[in-house]
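Analysis of the macromolecular model
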Amino acid sequence: MFTLDLPAANVSTPSLETAELENLLNYLKQVQQIDLTGYKRPTLMRRTLTRMQQVGVEHYREYLDYLEQQPQESTHLLNTVLINVTDFFRDGAVWDYLANHTIPQIIAKKEPNEPIRVWSAGCASGEETYSLAMLLAEALGIKQFQQRVQLYGTDVDLNAVMQARKGYYSAHEVSAIPAALQKKYFEHTADGYLWRADLRRSTLFHCRSLIQAAPFPRIDLLLCRNTLIYFMEEAQIRVLVRFHFSLTHNGFLVLGQADNLSAHSQSSLFTPVSRDARVFTKVPDAHRDARLLSIAFC
Ligand SMILES: C[S@@+](CC[C@H](N)C(=O)[O-])C[C@H]1O[C@@H](n2cnc3c(N)ncnc32)[C@H](O)[C@@H]1O
């Protein structure tokens, strides 16, 4: 029987400061449709205070007034709160595992012309999505890749998504890509490196929140790395349940090295295939639990 280890409700009386932060988060959610309520409080507080210092405001209450008066401020706050650190082929051993095991298995289980659908959730400025694209194109060949692969990159940060859509990176940024792949998949321009024009249709980038938006269906490979770490346990569970719905029967979920999720909820939904590479498959039938449905889509 599936039981959820949801965190116990906080029964202590919140301090004035905590209550004011919660007011601010509720305002952002209800008025500006920015839902930060699922994020871990210590990081959220630290980052919000950083932004408050930048605009010369001391208390959350005053900052709420400031947010109401300055239409652009919520974007600046979001830019401070969201951490966009990423890289091509970040954590190299994981990519070796995907190239040598996961991707060949996905391809082997498909019919020759069957589509392959991949989702990089929390893709930041696109490096992870393009890393996936290179591995898939290497495994399938360019023509098959163009015909069969649909890659989605999603992030809640619009600026990061716009950067990802451009597919334009500096020499420093592409230095993490093996030279042969860099040469094959990027056009060297005067100022940087541009993702190949003929492969652009296979990569779609959307600005959407994992906490608020419905998941993509029929996904064969889903990477969500170094993103759930910022979410509180209940939000993590909600997103994991949605990922379970998203993946095909044989689909794979890849989490980040630092995504230390609740062991119980994770194991109720997913079984590890490689603990080192943080690759998982679905526990069959976990989705039949009505309670999970209500948590994921309430
Ligand atoms: C540290 S980056 C990880 C990027 C990439 N996955 C990697 O591991 O290199 C975390 C990303 O998660 C995004 N993020 C945070 N909250 C999100 C949410 N609710 N929905 C979608 N993306 C989110 C941030 O904007 C940021 O770009």
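A few words now on the overall build of the chain. Scanning the chain from terminus to terminus reveals 13 helices and 10 strands. Going through the 298 residues of the chain one by one, you find that 49% of them count as buried. Restricting to contacts in the chain with at least 6 residues of sequence separation, those with at least 24 account for 73%.

This part takes up the pairing of strand S1 (residues 116-121). Within a regular strand, side chains alternate between the sheet's two faces. Summarising burial for S1: six of the six residues are buried, a large majority. Two elements, S1 and strand S2 (residues 149-155), share six bridges in a ladder whose sense is parallel. Residue pairing in the sheet places Ser120 in a bridge with Gly153 of S2. For S1 and strand S7 (residues 219-224), the ladder comprises three bridges, and the chain directions are parallel. Paired with Trp119 across the strands is Leu222, a residue of S7.

Glancing now at the sheet that holds S7. Spatially, the seven strands line up as an open sheet ordered S6-S2-S1-S7-S8-S10-S9, and their pairing is mixed. With partners counted over all chains shown, the strands left at the sheet margins are strand S6 (203-207) and strand S9 (270-274), one partner each. Sheet twist, expressed as the mean angle between neighbouring strand axes with direction ignored, is 25°. In this structure, S9 lies alongside strand S10 (residues 279-282), joined through four bridges in antiparallel fashion. Each bridged residue has a counterpart across the sheet, and for Pro272 the counterpart in S10 is Phe280.

Rules and cut-offs
Residues numbered from 1 in each chain as written. Predicted model: local features only at pLDDT ≥ 70, side-chain atom pairs only at ≥ 80, totals over all residues. Heavy atoms only, no water. Helix = DSSP H or I, 4+ residues; strand = E, 2+ residues; numbered from the N terminus. Buried < 20%, exposed > 50% of the residue type's maximum accessible area, 1.4 Å probe, protein only. Contact = heavy atoms within 4.5 Å. Pairing = 2+ DSSP bridges. Axes fitted to C-alpha atoms, helices over the stretch in contact; angles between N-to-C directions.

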